[in-house]
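Given next are the chains, with one letter for each unit.
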Amino acid sequence: APLLSLPFSPVIHPGLEGIFNLLLAWAAAFAGFLSDGRPGRQSGSMLPTVLGMQLLTNAIYLPYLVIRSPETSTAASYDELDPTEATISESRVLGPLLAFVGSGSVLWGLFARSEFGGIEERSASLIELLSGDRLGSSFVVDLVLFAFFQGWLIDDDLKRRGVAPDELSA
């Protein structure tokens, strides 16, 4: 809404907006793992999880990690994936698009709304804001948890694609 200059848009610290939008872009990036819930897997479709992550981020994601079944050692072919989920998760546009949105979020936080001052001033005011705002600081915690737990899906996704563990170091 800030880019649209709507009269009912509240003025919020651009750093907080940037963190929030980065979090949503990162949650959307988990669509690349939709193949984790392909037909025949006990954990079922990951689509509801990815959609729920847009609202409750780790409150949805972490329980999914608990109930999901680990990847078998055999590679899965593209034909084994649900057609809709395969179209999204195997798209070559998804990564660059969400990287653009995430980068734009960081740039927004750093440079948008000049009334919040330069980078030094806005960083200090953002830290002050986050130190007293539980919701805002929870966004930062969510980003840290995403970074920590995303590795569980990456390892299994590489197994699904037939990448051997010894090929990862190359």
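Throughout what follows, the structure given in this document is the object of discussion. (Residues numbered from 1 in each chain as written. Predicted model: local features only at pLDDT ≥ 70, side-chain atom pairs only at ≥ 80, totals over all residues. Heavy atoms only, no water.)

**A short note on the packing of aromatic side chains**
Now for step 1: Per the stated rule, a full pass over the model turns up two aromatic pairs.
Now for step 2: Measuring from centroid to centroid gives 5.1 Å for Phe20 and Phe139, while their planes differ by 50°, and the two rings are tilted. Separated by 119 residues along the polypeptide, Phe20 in helix 1 (residues 14-29) and Phe139 in helix 7 (residues 134-160) bring together distant segments of the chain.
Now for step 3: Residue classification places Phe20 among the partly exposed residues on the basis of a relative accessible area of 34%. (Phe/Tyr/Trp six-rings, centres within 6.5 Å; stacked < 30°, edge-to-face > 60°. Helix = DSSP H or I, 4+ residues; strand = E, 2+ residues; numbered from the N terminus. Buried < 20%, exposed > 50% of the residue type's maximum accessible area, 1.4 Å probe, protein only.)

**Concerning the packing of helix 1 against helix 5 (residues 94-111)**
Now for step 1: With their axes 7 Å apart at the nearest point, helix 1 and helix 5 run at an angle of 170° to one another. Here helix 1 is positioned roughly antiparallel relative to helix 5, judged by the angle of their axes. In the packing of helix 1 onto helix 5, the handedness of the crossing is left-handed. On helix 5, the residues that touch Pro14, Gly15, Glu17, Gly18, Asn21, Leu22, Ala25, Ala28 and Ala29 of helix 1 are Leu98, Val101, Gly102, Ser105, Val106, Trp108 and Gly109.
Now for step 2: Of the residues contributing to the contact of helix 1 with helix 5, the split by class is nine nonpolar, six polar and one charged. (Axes fitted to C-alpha atoms, helices over the stretch in contact; angles between N-to-C directions. Parallel < 35°, antiparallel > 145°, perpendicular 65-115°, else oblique. Left-handed = near helix turned anticlockwise from the far one by under 90°. Contact = heavy atoms within 4.5 Å. Nonpolar A, V, L, I, M, F, W, Y, C, P; charged D, E, K, R; others polar.)

**So, the nonpolar core**
Now for step 1: Membership of the largest hydrophobic core comes to 24 residues, with the highest contact counts inside it found for Phe30, Met46, Tyr61, Phe146 and Leu153.
Now for step 2: Those elements that provide at least two residues to this core are helix 1, helix 2 (47-56), helix 3 (58-67), helix 5, helix 6 (119-132) and helix 7.
Now for step 3: When neighbours within four sequence positions are excluded, Phe30 is seen to be in contact with Met46, Val50, Met53, Tyr61, Phe146, Gln150 and Leu153. (Core = buried A, V, L, I, M, F, W, Y, C linked by side-chain atoms within 4.5 Å.)

**What about a nonpolar patch on the surface?**
Now for step 1: Residues Val106, Leu107, Leu110, Phe111 and Ile119 make up a contiguous nonpolar surface patch of about 440 Å² in total accessible area.
Now for step 2: If you trace the backbone, Leu107 turns up in helix 5.
Now for step 3: The class for Leu107 is partly exposed, based on a relative accessible area of 48%. (Patch = residues over 30% accessible without salt bridge, like charges linked within 9 Å, V, L, I, M, F, W, Y side chains within 5 Å. Areas by Shrake-Rupley, 256 points an atom, 1.4 Å probe, with all protein chains shown as cover. Salt bridge = Lys/Arg side-chain N within 4 Å of Asp/Glu carboxyl O.)

**Some remarks on helix 6**
Now for step 1: Here helix 6 contains 14 residues, and its C-alpha end-to-end distance of 20 Å stays within 8% of the 20 Å for a straight helix at 1.5 Å per residue.
Now for step 2: Arg122, Leu126 and Leu130 are the residues of helix 6 that are buried. Mapping the buried residues of helix 6 onto a view down its axis gives an arc of 70°, with all of them on the same face. For helix 6, exposure combined with an orientation more than 90 degrees from the buried face picks out Glu120, Glu121, Ile127, Glu128, Ser131 and Gly132. (Expected span 1.5 Å × (residues − 1). Arc of directions from axis to C-beta.)

**Brief notes about the pattern of salt bridges**
Now for step 1: Inspection of the entire model under this criterion finds one salt bridge.
Now for step 2: Where Glu17 meets Arg113, a salt bridge forms, and the shortest distance between an N and an O atom there is 3.1 Å. Of the two residues, Glu17 sits in helix 1 while Arg113 sits in the loop between helix 5 and helix 6, which places them 96 residues apart along the sequence.
Now for step 3: Exposure remark for Glu17: the relative accessible area of 11% places this residue in the buried category.

**Some words on the packing of helix 1 against helix 6**
Now for step 1: Taken N-terminus to C-terminus, the directions of helix 1 and helix 6 make an angle of 70°; their axes are 9 Å apart at the nearest point. Considering their axes alone, helix 1 and helix 6 lie roughly perpendicular with respect to each other. Seen from helix 1, the contacting residues are Pro14, Gly15, Leu16 and Ile19; seen from helix 6, they are Arg122, Leu126, Leu129 and Leu130.

**Structural notes on the side chain of Arg122**
Now for step 1: Within the secondary structure layout, Arg122 lies in helix 6.
Now for step 2: Every residue in contact with Arg122, bar those within four places of it in the chain, is listed here: His13, Pro14, Trp108, Gly109, Leu110, Phe111, Ala112, Arg113, Ser114, Phe116 and Gly117.

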